[in-house]
Amino acid sequence: MPASLPSSGYFVVSNNGDKPATLTGAETPAFGMAMLHKSSSNGSTSTMAMVDSADVPAHGTLAFAPSGYHLMLEDAPKPLKAGTTIPLKLTFSDQSSISTQCDVKPASTLGK
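Residues numbered from 1 in each chain as written. Predicted model: local features only at pLDDT ≥ 70, side-chain atom pairs only at ≥ 80, totals over all residues. Heavy atoms only, no water.

Under an unreviewed UniProt entry, the protein has the name Copper chaperone PCu(A)C and belongs to Caballeronia sordidicola.

So, in structure tokens, the structure goes:
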């Protein structure tokens, strides 16, 4: 995909702890900006807005998927190729973080 196009990031965050975890940010060298966003629908109107955080319940999960929470990824320094992976670091309110690898998929596989 061309570097000039924004993209979305979809994944599931699991929390095996006894307390809720608050996701506060994300970063990847594959994009200049990675922002937490949430889509919502109210009848025939859909909106998307940046959010400061997202709570992951204790012993639960939070899905980043189409029509809900997602990462808005913008300003890729170079084009990405489907079938490759990019590093992603998620940061939480307690200053902890996790690092993972994400698959680059074409838009035709949205949310799969």
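## Looking at the pairing of strand S10 (residues 97-103)
Strand direction decides the pairing type here: strand S9 (residues 85-92) and S10, joined by seven bridges, are antiparallel. Paired with Thr91 across the bridge in S10 is Ser97. From the end of S9 to the start of S10, which pair antiparallel, there are four residues, and Gln95 there has a positive phi angle of about 75°. (Pairing = 2+ DSSP bridges. Helix = DSSP H or I, 4+ residues; strand = E, 2+ residues; numbered from the N terminus.)

## So, the layout of surface pockets
Each pocket or cavity is described by its volume, and for the second largest pocket that value is around 180 Å³. For the lining of the second largest pocket, the elements supplying multiple residues, two or more each, are strand S2 (11-15) and strand S3 (21-27). Looking at which element gives the most residues to the lining of the second largest pocket, the answer is S2, with three residues. Broken down by class, the residue content of the lining of the second largest pocket amounts to six nonpolar, five polar and two charged. (1 Å grid on protein atoms, 1.4 Å probe; cavity = no way out; pocket = protein on both sides within 12 Å on 5 of 7 lines; lining within 4 Å. Points joined across faces, edges and corners; volume = space filled by probe spheres on them. Nonpolar A, V, L, I, M, F, W, Y, C, P; charged D, E, K, R; others polar.)

## Regarding the sheet that holds strand S5 (residues 45-50)
The four strands lie next to each other as S1-S8-S4-S5, forming an open sheet whose pairing is antiparallel. Only two strands of the sheet have a single partner each, and these edge strands are strand S1 (7-9) and S5. Between one strand axis and the next, the sheet turns through 35° on average, direction left out of account. Here six bridges tie strand S4 (residues 33-42) to S5, and the two strands are oriented antiparallel to one another. For Ser41, the partnering residue across the bridge sits in S5 and is Ser46. (Axes fitted to C-alpha atoms, helices over the stretch in contact; angles between N-to-C directions.)

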